[in-house]
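# Structural characterization, general
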Amino acid sequence: MSAPVVGSTATAPGHPGAARYGPRPVENPALGEAFAQAPGCTPEQLDGVIDDAARAFPGWAATPLDARRERLLACHRALLAAVEPVAGLLTREQGKPLRHARAEVRLAADWFAHTARLELAPERLVEEPAARVGLERVPHGVVAAIAPSNYPVLLAVCKIAPALLAGNTVVHKPSPDTPMSSLMMGRILSEALPAGTFAVVDGGAELGARLTVHPAVRLVSFTGSVDAGRAIARQAAADLKRVVLELGGNDPAVVLPGTDVASVARDLFAGAMTNSGQFCAAVKRVYAPRTEHRQLADALAEMARSAVMGDGLDPATEYGPLVSRAQLERVAGMVDEAVAGGARVLAGGRVLDRAGHFYPPTVVTGLAPGSRLEVEEQFGPVIPVIPYDDDPEQVIARANTSPYGLGCSLWGDEGRALVLAGRPACGTVWINTHGALRHDVPFGGHRHSGIGVEYGAWGLREYTQLKVHHIALRQADREMS
Ligand code: NAD
């Protein structure tokens, strides 16, 4: 069996490639110090891994679907048996509370089982005396699966499982901020999969770019920021590779007039603070009727003040740090800029004076129009509460001016919300909830939030291409049938 997890200590210190491709420390964001060494994958090793995946592809694609299902179920069992060690690494490198890390790894294991049950049956399109036309879904070849740092284990499996079921082979590159849990997962899954069908390579954007331009890679399935998605679309274009891009979001939550704001505040807070705000489909801005917006902001600020932040290994912790110093500086910079423009911070609003990358749950009002905190994705634990005067259609139109289009939620009377549900320009509209995702419901963004969808039968189809079989029936065949 070829090594599924590729790293190298071969790059000599001082070599020009050392900084980009060599081994490097991985930080614990709760402590702001290194806790592990990631191996790094050299360009030559990457090429070798992709070649292995390309060689394994015909055999895996020809493996009966039921046998591939069995392999996915074996992955499910293997990952389920390793929840504790994988979750421990996940908390150390990402910062999330350990119970959330365990839940993520369990969900990832279950994703293999859910995916194993999906159908890829051929279809009969035409059945006529002179012709029979059928349709089958065939794999692309080698799939590059590139994942972000916020839910590294789950979001990788959301790609790996359907890609493998469809008959592709997969090379997975985790975020350089959170590689250790994925590298361990790679070793675990390799025991359940045939050689060459799956590998994990460790490195940053340069390695990712090299992966996306390799001629053997036919589909790039990417989850991450809009900027990186744009770069990947450009990289893939030269060779007309297929792309699935699940990108950033700046989801609005619109509280409808007449809603009891006290009754929705807790759910809005949870929708914004999940994973310390590092969730693509978190509530990133709240629009509330002017008459009630202050009451809502005060209720959210009260919750922000009582939230428990800390090291994810401490069982009392509700919210962990941001994943990196760069992310901390981005969030702090956007809040500081809003304050300089006249905004008011009701809770939080300052980097915590302690080791690690801690930014407290923060509630902001009085944003100047066009503030970056309203129009850009902050990806942190910050809730801007923005008042509106007139009818909610107008405020939805205002929210739609953001180029993002991942999700939107409407809060209040269900009938009124249903009438408005066609207005938000995004992939998912939630009513009286936000960010609820399921394995059997498609998820994807409109406009800058992405291309294509993931999850369920719809997501599985992205890992296939259509192949038509058109049979002209001869007279003799017709007489026989
Ligand atoms: P990121 O874009 O910085 O990195 C994601 C991955 O892309 C990493 O593995 C990185 O090394 C790689 N990468 C970067 N540039 C590349 C290039 N040119 N070629 C190939 N690979 C490259 O994102 P992040 O900070 O890890 O994650 C946060 C972002 O992800 C947020 O914008 C968030 O909204 C988004 N996200 C979207 C979804 C979704 O389903 N739509 C889910 C989770 C996160």
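Residues numbered from 1 in each chain as written. Predicted model: local features only at pLDDT ≥ 70, side-chain atom pairs only at ≥ 80, totals over all residues. Heavy atoms only, no water.

### Topic: the packing of aromatic side chains
Scanning all chains against the criterion turns up four aromatic pairs. Taking 5.9 Å as the distance between ring centres and 80° as the angle between the ring planes, the aromatic pair formed by Tyr151 and Phe279 counts as edge-to-face. Highlighted residues: Tyr151 in the loop between strand E6 (142-146) and helix H6 (152-165) and Phe279 in the loop between helix H10 (261-273) and strand E12 (285-289), separated in sequence by 128 residues. There is no split in this pair, since Tyr151 and Phe279 are both buried. Arranged with centres 5.8 Å apart and planes meeting at 20°, the rings of Phe443 and Tyr455 form a pair that is stacked. With a gap of 12 residues between them, Phe443 in the loop between strand E17 (428-431) and strand E18 (450-451) and Tyr455 in the loop between E18 and helix H16 (456-462) connect regions that are remote in the sequence. For the residue pair Phe443 and Tyr455, the accessibility class agrees, reading buried in each case. Site record: aromatic cluster; members linked through ring pairs are Trp111, Phe443 and Tyr455. The ring of Phe358 has Arg354 lying over it, and the distance from NZ or CZ to the ring centre is 4.0 Å. (Phe/Tyr/Trp six-rings, centres within 6.5 Å; stacked < 30°, edge-to-face > 60°. Helix = DSSP H or I, 4+ residues; strand = E, 2+ residues; numbered from the N terminus. Buried < 20%, exposed > 50% of the residue type's maximum accessible area, 1.4 Å probe, protein only. Lys NZ or Arg CZ within 6 Å of the ring centre and 35° of its normal.)

### A look at the domain arrangement of the protein chain
For the protein chain, the domain assignment lists domain 1 (5-248) and domain 2 (251-431). Averaged C-alpha coordinates put domain 1 and domain 2 at centres separated by 31 Å. Each side of the interface is counted separately: domain 1 has 23 residues, and domain 2 has 25 residues. Both sides together, the interface formed by domain 1 and domain 2 hides about 1800 Å², and carbon and sulfur atoms give 54% of it. Between the two partners, domain 1 and domain 2, sit zero salt bridges. Inspection of the region where domain 1 meets domain 2 yields seven residue pairs in polar contact (both at pLDDT 80 or more). It is helix H4 (residues 83-94) that provides the largest number of residues to the side of domain 1 that touches domain 2, a total of four residues. Grouping the constituent residues of the side of domain 1 that touches domain 2 by class yields eight nonpolar, nine polar and six charged. (Domains from an automatic or database assignment. Contact = heavy atoms within 4.5 Å. Buried area = accessible area lost by both parts, 1.4 Å probe. Salt bridge = Lys/Arg side-chain N within 4 Å of Asp/Glu carboxyl O. Polar contact = N/O pair within 3.5 Å; in protein donor to acceptor, adjacent residues only side chain to side chain. Nonpolar A, V, L, I, M, F, W, Y, C, P; charged D, E, K, R; others polar.)

### Considerations on the site of the ligand
In the neighbourhood of the ligand, 31 residues make up the surrounding shell, with Ala147, Lys173, Ser225, Leu247 and Glu377 lying closest. In this structure, an oxygen atom belonging to the ligand sits 2.8 Å away from a side-chain N or O atom of Lys173. In the complex, the protein chains occlude 87% of the 870 Å² of accessible area that the ligand would expose alone. Here the residues of the shell around the ligand are counted per class, giving 17 nonpolar, 11 polar and three charged. (Near = heavy atom within 4 Å. Areas by Shrake-Rupley, 256 points an atom, 1.4 Å probe, with all protein chains shown as cover.)

### What to know about empty space enclosed by the protein
Inspection of every chain in the model, using the stated rule, returns five cavities of 30 Å³ or more. Estimated volume of the largest cavity: approximately 70 Å³. Along the walls of the largest cavity sit 15 residues, with Pro252, Arg285, Tyr404, Gly407 and Ala425 positioned nearest its centre. Tallied by class, residues from the lining of the largest cavity come to eight nonpolar, four polar and three charged. (1 Å grid on protein atoms, 1.4 Å probe; cavity = no way out; pocket = protein on both sides within 12 Å on 5 of 7 lines; lining within 4 Å. Points joined across faces, edges and corners; volume = space filled by probe spheres on them.)

### Focus: the layout of surface pockets
Taken as a whole, the second largest pocket spans an internal volume of roughly 180 Å³. Along the wall of the second largest pocket there are 13 residues; nearest its centre are Leu65, Arg68, Leu120, Glu136 and Arg137. Listed by contribution, the elements that provide at least two residues to the lining of the second largest pocket are helix H2 (43-62), helix H3 (65-80) and strand E5 (131-139). When residues of the lining of the second largest pocket are assigned to their parent elements, the largest contribution, four residues, is made by E5.

### Here's the deal with the environment of Pro361
Here Pro361 shows up in the loop between strand E13 (344-347) and strand E14 (362-365). Looking at Pro361, the relative accessible area reads 4%, which means it is buried. Along the chain, Pro361 and Leu135 lie 226 residues apart, while their C-alpha atoms are 52 Å from each other. When residues no more than four places from it in sequence are discounted, the contact partners of Pro361 are Phe269, Met273, Ala304, Ala307, Met309, Ala347, Gly348 and Pro381.

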